[in-house]
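# Examining the three-dimensional arrangement
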Amino acid sequence: MRYKNNKFYIENVSVNSICKLTNTPTYIYSYKKIKENILSFKKQFKSIDPLTCFSVKSNNNINILKIIKSFGLGADVVSMGELNRVLKAGISPKKIVFSGVGKTEEELKFAIKKKILLINTESESELITIEKIAKSIKKRIDIGLRLNPDTDARTLSKISTGKKENKFGLNKKDLLKIINNIKNSKYLNLLCLSVHIGSQITSHKPYEKMLQELSDTIKASKYKFEYIDLGGGMGIKYNKNEKTLNYIKYLHLIKKFLKKNKCKIIFEPGRSIIGNTGYLASKVIYMKKSGKKVFVILDAAMNDFMRPALYGANHTILASKKNSSKSKKTYEFVGPICETTDKFLSTNKFQVLKEGDIVLICDVGAYGIVLSSNYNLRTIPQEVLIKGSKIKTIKMRQTLKALNS
Ligand SMILES: Cc1ncc(COP(=O)(O)O)c(C=O)c1O
């Protein structure tokens, strides 16, 4: 992914030539980058031989899941829809964990029927439901319990999940009581202690606190867990000056933890695998001057890519073609939806743009297309995968006909 003769290329194809074929807005992913991220993740943690379950909520395109599967990863799912999708992609049930604060009885029955590795539970009521199902089919079900470690992930407040005021997991006191109650259960086979403190974590410090909380909880429980599921959360670089997680330090902390607690580690990365593999190509519909401000009105909107409106997330925007003008402009990139939050970025250093130009919103592979909607009755964008010089449509653009049926 780079400029060549002033044109932006994803692998061997220029963005402008992709958009000629697909129109805009279009999500574009790079196979090479997905492969690179998976191999790099595996290499980082090779010495502890973890089970890595891709967090499907970050991107659930079946073609992407097939690539994930081809590199031996499992899946972390949070709904029956996601579970069904990963099974369809060919991921082995023995590499699937089911997370989430509120799984329905129907979803639990489906997961049990499919004999997945673990159902990670987060409430006593859900445990009662699992036990009821287990009794009715006279089977012992493999489960995990999610700890809320009251740990600040120091990330965007809206994607922090490990503090005591968050709805996720069980506090230590309740968790210990539950472990005590179910350790000899005829129907619940407690195998795993899980945790996930948030997303886009760029320091190893919150993980250090999380591992300490896990260690203390395990010690207090006097229970031998086969698996410890550390969740995901590893941050990526959205902007030039942002730092990223130091994997060596994180690994070092995990190794220290494993010395005291022998178990198999499970990871549930989403963003770190898929985040920087995707771009959203969008056309400038209008340039609108308003006083001193210039709005660049794109044909992509918050319904196509929600992170800026939802979390105030900052994504770099690039021009698909560099022009020769040295002058830099102050622009506000917005979508056409009638919401003030339908805004992608304000910048004061952008090249001169004109109507019809194509721009790329970067690093949209995670929590991009999965959060898209039909708000304003707008259709869902097309998705393409670039592999070398090949452009493969991995999801057609939604048609107006389909939208209205
Ligand atoms: C339980 C759980 N595991 C894993 C993830 C993936 O997180 P990330 O994409 O930050 O790696 C999430 C995301 O919120 C999650 O809720």
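Because the structure is predicted, anything quoted here is derived from the model rather than measured.

This part takes up the domain arrangement of the protein chain. Domain boundaries in the protein chain define domain 1 (2–29 + 276–404) and domain 2 (60–269). Of note, the centres of domain 1 and domain 2, computed from C-alpha atoms alone, are 34 Å apart. Looking at the side of domain 1 that touches domain 2 residue by residue, the class counts come to 7 nonpolar, 5 polar and 3 charged.

Relative orientation of the contacting elements helix H8 (residues 205–221) and helix H9 (residues 247–260) amounts to 10°, with a least axis distance of 10 Å. What the angle tells us is that H8 and H9 run roughly parallel. Residues Tyr 207, Glu 208, Leu 211, Leu 214 and Ser 215 of H8 pack against Tyr 250, Leu 253, Ile 254, Phe 257 and Lys 260 of H9. For the contact of H8 with H9, the residue count by class is 7 nonpolar, 1 polar and 2 charged.

If you trace the 8 strands once around the closed barrel, you get E5-E6-E7-E8-E9-E10-E11-E12, paired in parallel fashion. Taken pair by pair, the neighbouring strands of this sheet meet at an average axis angle of 30°, ignoring direction.

Another aspect to go through is the environment of His 204. Inspection of the secondary structure assignment puts His 204 in the loop between strand E10 (188–194) and H8. Among all residues touching His 204, those that are not within four sequence positions of it are Leu 245, Asn 246, Lys 249, Tyr 250 and Leu 253.

As a further point, take the sheet that holds strand E3 (residues 13–14). Strand order in this open sheet of 3 strands is E1-E2-E3, and the pairing throughout is antiparallel. Here the strands that pair on one side only, and so sit at the sheet edges, are strand E1 (2–4) and E3. Here strand E2 (residues 7–10) pairs with E3 via 2 bridges, running antiparallel. In the sheet register, Tyr 9 faces E3, and the bridge partner there is Ser 14.

Turning to the site of the ligand, a few remarks are in order. As a structural note, the neighbourhood of the ligand is formed by 17 residues, with Ser 55, Ser 199, Gly 232, Gly 270 and Arg 271 the closest of them. Partitioning the shell around the ligand into residue classes produces 3 nonpolar, 10 polar and 4 charged.

Time to look at helix H2 (residues 31–45). For H2, spanning 15 residues, the distance from its first C-alpha to its last is 22 Å, which sits close to the expected 21 Å at 1.5 Å a residue. Listed in full, the buried residues belonging to H2 are Lys 33, Ile 34, Asn 37, Ile 38 and Phe 41. For H2, the angular spread of the buried residues around the axis is 135°, confining them to a single face. Residues of H2 that are exposed and point over 90 degrees away from its buried face: Leu 39, Ser 40 and Lys 43. As for H2, its buried residues are in contact with strand E4 (26–30), strand E5 (51–55), helix H3 (62–70) and helix H10 (271–274).

Each value, and the rule that gives it
Residues numbered from 1 in each chain as written. Predicted model: local features only at pLDDT ≥ 70, side-chain atom pairs only at ≥ 80, totals over all residues. Domains from an automatic or database assignment. Nonpolar A, V, L, I, M, F, W, Y, C, P; charged D, E, K, R; others polar. Axes fitted to C-alpha atoms, helices over the stretch in contact; angles between N-to-C directions. Helix = DSSP H or I, 4+ residues; strand = E, 2+ residues; numbered from the N terminus. Parallel < 35°, antiparallel > 145°, perpendicular 65-115°, else oblique. Contact = placed C-beta atoms within 7 Å. Pairing = 2+ DSSP bridges. Near = placed C-beta within 6 Å. Expected span 1.5 Å × (residues − 1). Buried ≥ 20, exposed ≤ 12 C-beta atoms within 10 Å, placed from the backbone. Arc of directions from axis to C-beta.

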